[in-house]
Amino acid sequence: MAAELRGALIGCGFFAVNQMHAWRDIADVSIVAVCDRDPERLTVVGNQFGIARRYTDAAALFVGESLDFVDIATTAPSHRSLVEMAARHGVPAICQKPFAPSLADAKAMVKACTDAGVPLMVHENFRWQSPIQAVRAMLDSGDIGTPFFGRISFRSAYDVFSGQPYLATGKRFIIEDLGIHSLDIARFLLGDVSTITTRTARINPNIAGEDVATMLMDHKSGAMSVVDCSYATKLATEPFPQTLVEIDGSDGTIRLEQNYRLTVTGRNGTAVSDVSPPLLPWASRPWHNIQESVVAIQKHWVDCLANGTEPATSGADNLRTLALVEAAYAGAASRKPVQLDALL
Ligand code: NAD
Ligand code: 89V
């Protein structure tokens, strides 16, 4: 591997701009080529980041470039073909969430990369947000004892459809797009899940999918959690895109509340701290929380490639998050609890 990693971006859309800014913030890596089937987006991102080598066809990119990795920032329908293309060329791949439109596709993608011996990471960045990492650190400190209950909550009325119009048109919406992050955070904080029970609703009549979901999960640790998300919740202060967290443990509690206020009550008393993410020079409120996590996950990828270690949100790991998404939709339809192990 060269001293400086050579990466290429596939998909130069709405969110990829954050990924490009983040790559510029990270040492020992550079994006040497960009690809988008839409020539307009290719020009916008190529010009903004000064990347001269541009492709409208991913197959041509793999033939034309010598790469240490690809960063796939397209939407889900193209993920399988692009990840499998990377595997065929022996190129490690980052793939945006949702990893794939179905669990069967995702399993095939993991197999293709395993068989080719190439690392695969899903760009599941919410667990990398510094406030969420602060909650994880408090759990690790042991101050609240053994967790027995969690609530991971994302409730908002933010207009996500203006930046991401495709979100209004899919049969699936909030669980697949946003709940997937909350479910991953639940796994990150409380471990893997055995059973999930789900209820959904559509409040906004102008979209095709569900915009409210409530999920109750049994974790294998014995803890239970509620993951609730809504894009139909009008609050006095709009919290987008903050994830709020409640954890109850045998010796205390953790509360991550609006405005990144963290309250921990445990063996050492109560401590209140401000865990606001930094506003990076290129970031903009209220997205700065997500934008900072993009730098963190991409740094992690570079470290993993350098050390030969498996990314925390590897393709194999993310199968367990995507299985929760599949199980949530199945359970919302049947109104019955769904066992996770049967899907994996
Ligand atoms: P977008 O539609 O704005 O951008 C996708 C781009 O990919 C488009 O420019 C499109 O032309 C290009 N593209 C599609 N298929 C291609 C192919 N086969 N070859 C080359 N180019 C192709 O979408 P977006 O809002 O930027 O979302 C992209 C992905 O990022 C989605 O999966 C979305 O869920 C995810 N996302 C993640 C976060 C996060 O915080 N992790 C936030 C927003 C979006
Ligand atoms: O993170 C995401 O996938 C985004 C958003 C936070 C807007 O839902 O689509």
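Numbering of residues begins from 1 in every chain and follows the order in which that chain's sequence is written. All chains are assigned letters beginning with A, and all ligands numbers beginning with 1, in the order in which they are written. Thresholds applied to this predicted model are a pLDDT of at least 70 for local features of residues and 80 or more for the giving and counting of side-chain atom pairs; totals over whole chains, interfaces and linings are not thresholded and use all residues. Hydrogens are left out, water is left out, and the side-chain values use all remaining heavy atoms of the structure.

**Here's the deal with unusual backbone geometry**
Right, so step 1: Look at the link from Lys-97 to Pro-98: it is a cis peptide, with omega at -20°.
Right, so step 2: Numbering of helices and strands starts at the N terminus; helices are DSSP runs of H or I of at least 4 residues and strands are runs of E of at least 2. Among the secondary structure elements, Pro-98 is positioned in the loop between β5 (93–96) and α5 (103–116).
Right, so step 3: Here the residue pair Arg-285 and Pro-286 is connected by a cis peptide bond, since its omega of 5° sits within 30 degrees of zero.
Right, so step 4: Structurally, the position occupied by Pro-286 is in the loop between β14 (269–274) and α8 (288–307).
Right, so step 5: Positive phi, normally seen in glycine, also occurs at Tyr-260, with a value near 60°.
Right, so step 6: Inspection of the secondary structure assignment puts Tyr-260 in the loop between β12 (252–257) and β13 (261–266).
Right, so step 7: When a residue's accessible area, from a 1.4 Å probe over protein chains only, is under 20% of the maximum for its type it is buried; when over 50% it is exposed; and in between it is partly exposed. By relative accessible area, Tyr-260 is classed as buried at 8%.
Right, so step 8: Of note, the phi angle at Arg-335 is positive, near 60°, even though the residue is not glycine.
Right, so step 9: Structurally, Arg-335 can be placed in the loop between α9 (315–334) and β15 (338–339).
Right, so step 10: Given the relative accessible area of 55%, Arg-335 is considered exposed.

**Here's the deal with the pairing of strand β10 (residues 224–230)**
Right, so step 1: Burial analysis of β10 places 5 of its 7 residues in the buried class, which makes it a mostly covered element.
Right, so step 2: Where strand β7 (residues 147–155) and β10 come together, 7 bridges link them in parallel fashion. What sits directly across from Arg-151, in β10, is Val-226.
Right, so step 3: Inspection of the sheet shows strand β9 (residues 212–219) paired to β10 by 7 bridges, in the antiparallel sense. By the bridge assignment for β10, Val-212 is matched with Ser-230.
Right, so step 4: What makes two strands pair is DSSP finding at least two bridges between them. Connecting β9 to the antiparallel partner β10 that follows it, the hairpin turn spans 4 residues, and Gly-222 within it adopts a positive phi of roughly 105°.

**Looking at the sheet that holds strand β8 (residues 193–201)**
Right, so step 1: The 9 strands are arranged β14-β13-β12-β11-β7-β10-β9-β8-β15 in an open sheet whose pairing can be described as mixed. Strands at the two margins of the open sheet, each flanked by one partner only, are β14 and β15.
Right, so step 2: The sheet contact formed by strand β11 (residues 244–249) and β12 spans 5 bridges and is antiparallel. Residue Val-245 lies in a different strand from β12, and its bridge partner there is Leu-256.
Right, so step 3: Residues are treated as being in contact if the distance between any of their heavy atoms lies within 4.5 Å. Note on geometry: axes are lines fitted to C-alpha atoms, helical ones only across the stretch in contact, with angles between N-to-C directions running from 0 to 180 degrees. Along the sheet face, helix α6 (residues 130–141) touches β7, β11, β12 and β13 and points at about 175° away from the line of β12.
Right, so step 4: Contacting β8, β9 and β15, α9 runs over the sheet at an angle of about 55° to β8.

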